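# Per-entry structural report
What follows is each chain in one-letter form.
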Amino acid sequence: MSHSKKAEALRVLGSLIEAAEVTGKPLPNDGTSLQLGQILTLSGLSRQQLSRYPEVKEMLSEYATTQGLSYSRQGRVAAEETAPSDNTQMVPLARLQEVSLRLSATERKNAELKAENASLRAQLFRADETAELIALGGRIAPGKA
Amino acid sequence: MNAHTPPDNGGLPQSPSMFQHYLARERAFKNIGPKRAAALTEAFGDDLSKAILDQDEGVADIIGEEAALNAAAVLETRLPETTFLAWLDSLAADIPAAKAIRLARAWGPQGIDAIRENPYLLIAITDWKTVDRIGAALNIGPKDERRQVAAVEATLSGSACLGAGSTLLASQDALRVAERLLGYKCGAEVAEAAVKAGGAIGLAGELQPPGAAHMEAYCALKLAQLAPQTPCSGITDPDTLDALLEEYEAPQPFPLTDAQREAVRMSHRHRLLVLAGYAGSGKTTVLKEVCQTQETLRKTPLIITLSGRAAQRANEATGRRAITVARFLIEQEKSDTLLDENTVLIADEASMLGLVEVWRILRRLGDASLILCGDPAQLPPVSPGVVFHALVRHPDIRKVVLDRVHRQDERTGIPALAEGVRDGIIGTLPPFTGAKPGVTFDACERDNLCHEIVRLQTALHADGNHPDHVQIIAPTNKEIDIINTHFHGLAMQGGPTLWPGTNIAVGEPIIWTVNNAERGLTNGALGRVLSIEDERICALLDGTEHELKEEDGQFVQLAYAISVHKAQGSQWPAVIIPTFPSKIVDRSLIYTALTRAQEQVHFLGSLNAMQRAIERPAAADVRKTGFGRYLDLVKEMKN
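Cut-off values and rules
- Residues numbered from 1 in each chain as written.
- Chains lettered and ligands numbered in written order.
- Predicted model: local features only at pLDDT ≥ 70, side-chain atom pairs only at ≥ 80, totals over all residues.
- Heavy atoms only, no water.
- Helix = DSSP H or I, 4+ residues; strand = E, 2+ residues; numbered from the N terminus.
- Rg over C-alpha atoms; globule rule 2.2 N^0.38 Å.
- Buried < 20%, exposed > 50% of the residue type's maximum accessible area, 1.4 Å probe, protein only.
- Lys, Arg positive; Asp, Glu negative; His and termini not counted.
- Charge placed at Lys NZ, Arg CZ, Asp CG, Glu CD.
- Domains from an automatic or database assignment.
- Contact = heavy atoms within 4.5 Å.
- Buried area = accessible area lost by both parts, 1.4 Å probe.
- Polar contact = N/O pair within 3.5 Å; in protein donor to acceptor, adjacent residues only side chain to side chain.
- Pairing = 2+ DSSP bridges.
- Salt bridge = Lys/Arg side-chain N within 4 Å of Asp/Glu carboxyl O.
- Nonpolar A, V, L, I, M, F, W, Y, C, P; charged D, E, K, R; others polar.
- Axes fitted to C-alpha atoms, helices over the stretch in contact; angles between N-to-C directions.
- Core = buried A, V, L, I, M, F, W, Y, C linked by side-chain atoms within 4.5 Å.
- Parallel < 35°, antiparallel > 145°, perpendicular 65-115°, else oblique.
- Left-handed = near helix turned anticlockwise from the far one by under 90°.
- Expected span 1.5 Å × (residues − 1).
- Arc of directions from axis to C-beta.
- Right-handed = clockwise from strand over helix to strand, strands pointing away.

## Structural notes on the overall build of chain B
The helix and strand tally for chain B stands at 27 helices and 19 strands. Taken against the 2.2 N^0.38 rule, which gives 26 Å for 639 residues, the C-alpha radius of gyration of chain B at 28 Å falls within 12% of a compact globule. When the 639 residues of chain B are sorted by exposure, 55% land in the buried category. In chain B, which carries 64 positive and 80 negative side-chain charges, the distance between the mean positions of the two groups comes to 4 Å.

Here you go:
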């Protein structure tokens with residue numbers, strides 16, 4: 001039962017994100033972070049669903065990353081777990097691992113995007129040359145022969 | 001090209017210092033100059049190309065992410081093409097590197113692999129003899145389908161189709177020519193194979209070269225889309241426009257005709273206006289009024305023409321900026337944006353625009369409106385295809401035809417003769433009796449042509465006509481050679497200084513034969529050599545003095561007589577036209593030649609030859625093209 005509710009919550013949120021991407025109108029945000037309260041209102045999801053299903057948070061986090069936003073507005077005062085407990089600047093291991101994982105995922109994504117960018121640029125160079133080939137009048141593509 | 005380059009880095013310069021130089025020198029590597037190239041080499045040494053391709057963070061640290069991404073994209077493209085050049089070199093393919101690079105960049109690594117599998121694909125950038133020699137060297141048999149397909153492609157790109165200005169050829173005709181290349185008979189399956197392989201496009205049982213088919217389909221679709229559209233900036237209020245027209249007409253000696261007024265109105269109601277105006281019908285008056293009314297409404301008219309002289313003439317006639325199509329395209333390529341909704345692009349002398357030019361213009365049109373203005377009785381373009389003539393004839397394209405001769409031009413008799421030539425009729429023409437407005441004809445043999453020209457010129461110059469105001473326009477190269485040789489001989493009698501490396505002397509009339517936008521010189525620019533002092537040559541071309549060099553001699557020809565094609569787009573107060581029997585002379589050639597004159601036309605030669613020429617169908621009608629069919633197809637799709 002709860003499995004289908006989670007699936008439904010993810011489906012609803014997925015549709016909302018897709019609609020935001022198609023229309024170009026981003027999910028509610030204040031320019032730096034997502035406005036989670038408004039997103040919940042818009043999607044009809046409850047705060048419990050947000051905290052209960054990590055996949056929901058993950059989906060929103062991913063979306064925030066693609067938009068160059070933070071997942072959630074940061075408080076002026078750092079959270080206890082991230083606040084240095086003493087002047088050795090230590091952070092909890094779990095938090096460090098989570099951030100490290102997120103960093104490597106972002107780096108991976110960044111590398112993928114850069115490769116795609118380079119490939120698209122190469123295609124653009126090709127488009128100009130293809131136009132010149134078309135202007136010659138003859139064969140445009142290597143075809144099947 | 002270097003056949004000894006090892007394949008591991010695809011033929012790129014191997015040593016770090018060479019590669020560093022390559023990075024700094026190639027303009028495609030944006031934002032990488034000598035300093036950055038040196039810093040990259042210092043950081044990565046032999047591994048630099050790999051680091052760039054792998055998008056190593058260190059590269060972005062040195063030159064920034066944008067430049068690093070661009071460098072990776074450039075290298076990704078360059079690697080396979082340098083390998084390709086080395087391969088062609090090893091085959092002694094004798095294909096210009098620029099063309100090979102173009103093909104490699106357009107087709108990418110997979111395309112290059114395809115060429116290695118089927119070297120006959122090189123027919124896209126070279127001739128049949130070259131490609132067949134490569135095929136034979138790689139042991140491809142005479143009956144191999146790859147060779148047969150290439151023979152059809154060579155036929156479509158050759159003198160039977162594109163070379164003759166056509167873009168369409170009946171399958172049977174294509175096969176007949178292909179058989180001559182192949183050296184044996186072949187059946188309809190070869191044409192089918194060519195279509196299947198992408199070497200030809202089938203259009204209602206006939207064949208087209210693919211590039212031409214693509215351009216025709218694009219132009220037909222785009223023009224059919226534009227035709228019913230209103231300008232992106234909106235329609236001008238009719239009352240405002242009527243008031244503007246009234247204001248314009250008030251001080252004019254002649255009111256606009258209904259057709260002229262309708263043309264101006266249409267330019268404010270539609271995104272596309274096809275304006276067909278025969279000689280003396282007041283086309284320029286319409287263009288001036290279009291420019292004036294559009295400018296009043298804060299639009300920007302921009303006139304473009306194929307030749308530099310035509311641009312100069314359009315500028316003088318309308319008082320507006322007029323540039324060549326080549327200049328327009330260069331400016332557009334530099335700009336990141338297409339034309340905006342407030343621009344009204346006016347292609348003057350549009351009958352001279354070939355398929356490629358129209359295609360390139362349409363690709364840059366953006367939100368602008370377009371006016372195609374020309375004379376459909378003139379010669380078809382020098383380049384393949386017929387667009388303007390076909391648009392004028394197509395029933396579904398809205399157009400304004402100006403066919404009433406303006407009173408101010410009627411007195412010369414030139415428009416009346418031009419109309420007769422269009423209809424295949426020439427009446428009686430009086431002999432030359434001196435310099436006065438009108439049309440004359442004097443019979444003479446070819447052997448006596450130059451003496452007759454001297455007789456006419458002497459009389460014309462005596463009556464105050466400046467030598468540069470009298471131009472000889474000859475329909476065939478035979479007469480051009482005879483005239484230029486004769487008058488050059490006369491010029492040499494005084495022992496003038498010669499342009500080093502040429503047979504051109506100081507004071508002689510010349511024509512510039514290539515486009516060089518950077519130096520402001522256009523193909524067809526006419527003028528004279530003013531002075532020759534050692535290596536410094538000063539020439540007046542299209543009214544502007546140019547410092548030329550010894551090596552520029554290869555781009556210059558004598559211009560006592562010029563061809564009708566070179567004369568197209570220009571006008572002179574008086575022209576002399578020799579007409580002798582020739583199969584290539586048709587009514588559009590005679591029409592175009594005689595309408596270059598503003599006041600006087602003097603024919604010399606054979607009246608019978610002239611009569612036969614104007615009875616032949618116009619060259620534009622002889623060309624076989626698919627453009628009209630694509631327009632029909634667009635209409636069927638809409639229905």
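Let's pick the thread back up.
## Section: the domain arrangement of chain B
Residues and elements named next belong to chain B. Entries for chain B in the domain assignment read domain 1 (18-205), domain 2 (219-406 + 625-637) and domain 3 (410-605). Averaged C-alpha coordinates put domain 1 and domain 2 at centres separated by 37 Å. At the junction of the two partners, domain 1 supplies eight residues and domain 2 supplies eight residues. When the two sides are added together, the surface that domain 1 and domain 2 hide from each other amounts to roughly 630 Å², 66% of it contributed by carbon and sulfur. The largest contributions to the domain 1 side of the interface with domain 2 come from T167, L168 and L203, which together make up 66% of the buried area. There are two residue pairs in polar contact (both at pLDDT 80 or more) connecting domain 1 and domain 2.

## Looking at the pairing of strand β10 (residues 438-443) of chain B
All names here are of chain B. Of all six residues that make up β10, five are buried, and the element is covered over most of its length. Of the strand pairs in this sheet, β10 and strand β19 (residues 597-605) are connected by six bridges, and their pairing is parallel. Residue A443 lies in a different strand from β19, and its bridge partner there is G605.

## Focus: the interface of chain A and chain B
Chain A puts 27 residues into the contact, and the matching count from chain B is 43 residues. Both faces combined, the contact of chain A with chain B buries some 3000 Å², and carbon together with sulfur accounts for 59% of it. When residues of chain A are sorted by the area they lose upon contact with chain B, K114, R126 and R139 of chain A head the list and together hold 23% of the total. The interface formed by chain A and chain B holds five salt bridges in total. Note that E132 of chain A and R360 of chain B form a salt bridge whose closest N and O atoms lie 3.1 Å from each other. Considering only residue class, the side of chain A that touches chain B consists of 13 nonpolar, seven polar and seven charged.

## Overview of the sheet that holds strand β11 (residues 470-474) of chain B
All names here are of chain B. Strand order across the open sheet formed by five strands is β10-β19-β18-β11-β17, with parallel pairing between neighbours. At either end of the open sheet lies a strand with only one pairing partner, and these are β10 and β17 (561-563). Sheet twist, expressed as the average angle between the axes of neighbouring strands with direction ignored, equals 25°. Two elements, strand β18 (residues 572-579) and β19, share seven bridges in a ladder whose sense is parallel. Among the inter-strand pairings, V575 is bridged to a residue of β19, identified as V601. Contacting β11, β17 and β18, helix α22 (residues 477-492) runs over the sheet at an angle of about 160° to β17.

## As for unusual backbone geometry
Unlike most non-glycine residues, A92 of chain B shows phi in positive territory, near 50°. One can find A92 of chain B in the loop between α5 (65-90) and α6 (97-117).

## A short note on the nonpolar core
Residues and elements named next belong to chain B. Counting residues in each nonpolar core, the largest one holds 50 residues, and the members touching the most others are L223, I304, F328, L345, L372, L391 and F627. Ranked by the residues each element gives to this core, the list is headed by helix α11 (residues 210-226), at eight residues. Apart from residues lying up to four places away in sequence, F627 is in contact with E216, C219, A220, L223, V386, V387, A390 and L391. If you look at the next biggest cluster of nonpolar residues, it comprises 46 residues, including A100, L103, A151 and C186.

## Some points on the packing of helix α5 (residues 93-136) of chain A against α6 of chain B
In the contact formed by α5 of chain A and α6 of chain B, the axes pass within 8 Å of each other and the chain directions differ by 120°. Taken as axis vectors, α5 of chain A and α6 of chain B run oblique relative to one another. Once α5 of chain A is placed against α6 of chain B, the crossing between them reads as left-handed. Contacts between α5 of chain A and α6 of chain B involve R126, E129, T130, E132 and L133 of chain A on the former and, on the latter, R102, L103, R105, A106, W107, G108 and P109 of chain B. Partitioned by chemical class, the residues of the contact of α5 of chain A with α6 of chain B number five nonpolar, two polar and five charged.

## Some details on helix α12 (residues 238-249) of chain B
Residues and elements named next belong to chain B. Between its first and last C-alpha, α12 extends 16 Å over 12 residues, near the 16 Å set by a 1.5 Å rise per residue. Buried within α12 are the following residues: L241, L244, L245, Y248 and E249. For α12, the buried positions fall inside an angular range of 130° around the axis, keeping them on one side. In α12, those exposed residues whose orientation departs by more than 90 degrees from the buried face are D239, E246 and E247.

## Some remarks on the pairing of β19 of chain B
Where burial is concerned, most of β19 of chain B is hidden: seven out of the nine residues are buried. Note that the unit made of β18 of chain B, helix α24 (residues 587-594) of chain B and β19 of chain B has a crossover that is right-handed.

## Section: the pattern of salt bridges
Residues and elements named next belong to chain B. Tallying each qualifying case throughout the model produces 33 salt bridges over all chains. Measuring nitrogen to oxygen at the nearest pair gives 2.8 Å for the salt bridge that ties E331 to R321. Pair noted here: E331 is in helix α16 (residues 325-334) and R321 is in the loop between α15 (308-318) and β6 (322-324), with a separation of 10 residues, a long-range link. Using a relative accessible area of 45% as the deciding quantity, one classes R321 as partly exposed.

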